[in-house]
Amino acid sequence: HNVDGSVGPQTILKGEYLNKAKIAEGGKKLRKNWTSTWVVLCSNRLLFYKESKQEAVANLKPGGKPDGVDLCGAVIEWTTEKSSRKHVIQITTSNGHEFLLQADHFPTISKWHDAIKKAVDSVSSG
Ligand code: I3P
C-alpha cells in the first residue's frame, strides 16, 4: 500500500487508508463520526488527508492540506472500550485531543500502532 511517493524525507510510514474517529477535542468529548482517511506518519506528526495523492491527481485537484496531530507527549494505546469495532487504537495528544484509528485487517493497524508508538517515544524523549 505504500504507494505515495510524494512525501518528504521525514516520512516514516507512507499513506494508507485507515478508519478514523475524533472523540475529544481539548478534553471535551465529541460525537463519534468514523471516516476513512489517508494517514501519513512523519517523525513528529501524524497527518490525515482526505484522499491519497494519487487520487487527488486523478481527480485533477491539489492534494489538499492535511489535518495534523503533534505526537510530542502523545499517548497511544490499544482500546477495547471506546468502540464496538475490532482492532482500535487510541491516540491522546498532549493538548487533549483524542482519536481512534481502526482497520479491519489486524496486521495493518498493528503496523501503524508500532510505528506511531516508536515515533511518539523518540519525539517525546528527545
Ligand atoms: C454512533 C455510531 C458509531 C458508534 C457509536 C455510536 O452512533 O454508531 O459507529 O461507534 O458508539 O454512538 P451515531 O451515528 O448515532 O452517532 P463504534 O462504531 O465505534 O462502536 P459509541 O457511542 O459507543 O461510541
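This text goes with the structure placed above it.
Model, not experiment: these values are computed from the prediction. (Residues numbered from 1 in each chain as written. Predicted model: local features only at pLDDT ≥ 70, side-chain atom pairs only at ≥ 80, totals over all residues. Heavy atoms only, no water.)

Peer 1: Sorry if this is basic, but what is going on with the pairing of strand 4 (residues 45–49) here?
Peer 2: When a strand is regular, its side chains alternate between the sheet's two faces. Summarising burial for strand 4: four of the five residues are buried, a large majority. Of the strand pairs in this sheet, strand 3 (residues 35–42) and strand 4 are connected by four bridges, and their pairing is antiparallel. Looking across to strand 4, one finds that Val-40 is bridged to Leu-47. Linking two consecutive strands that pair antiparallel, namely strand 3 and strand 4, is a turn of two residues. Bridging between strand 4 and strand 5 (residues 67–70) involves four bridges; their strand directions are antiparallel. Bridge pairing links Leu-47 to Gly-68 in strand 5. (Buried < 20%, exposed > 50% of the residue type's maximum accessible area, 1.4 Å probe, protein only. Helix = DSSP H or I, 4+ residues; strand = E, 2+ residues; numbered from the N terminus. Pairing = 2+ DSSP bridges.)

Peer 1: Even after reading the chapter, I still don't get the pattern of salt bridges, so can you show me in this structure?
Peer 2: One pass over the full model with this rule turns up four salt bridges. As a salt-bridge pair, Lys-82 and Glu-98 come within 3.9 Å of each other at their nearest N and O atoms. Linking Lys-82 in the loop between strand 6 (75–79) and strand 7 (88–92) with Glu-98 in strand 8 (residues 98–102), this pair joins segments that are 16 residues apart in sequence. (Salt bridge = Lys/Arg side-chain N within 4 Å of Asp/Glu carboxyl O.)

Peer 1: What is the right way to read the site of the ligand from this model?
Peer 2: Taken together, Arg-31, Lys-32, Trp-34, Ser-83, Ser-84 and Arg-85 make up the full set of residues adjacent to the ligand. Ser-83 places a polar side-chain atom, nitrogen or oxygen, 2.4 Å from an oxygen atom of the ligand. Within the side chain of Ser-84, one N or O atom sits 2.6 Å away from an oxygen atom of the ligand. Look at the ligand: alone it shows 510 Å² of surface, and the protein chains cover 45% of it. Residue composition of the shell around the ligand, grouped by class: one nonpolar, two polar and three charged. (Near = heavy atom within 4 Å. Polar contact = N/O pair within 3.5 Å; in protein donor to acceptor, adjacent residues only side chain to side chain. Areas by Shrake-Rupley, 256 points an atom, 1.4 Å probe, with all protein chains shown as cover. Nonpolar A, V, L, I, M, F, W, Y, C, P; charged D, E, K, R; others polar.)

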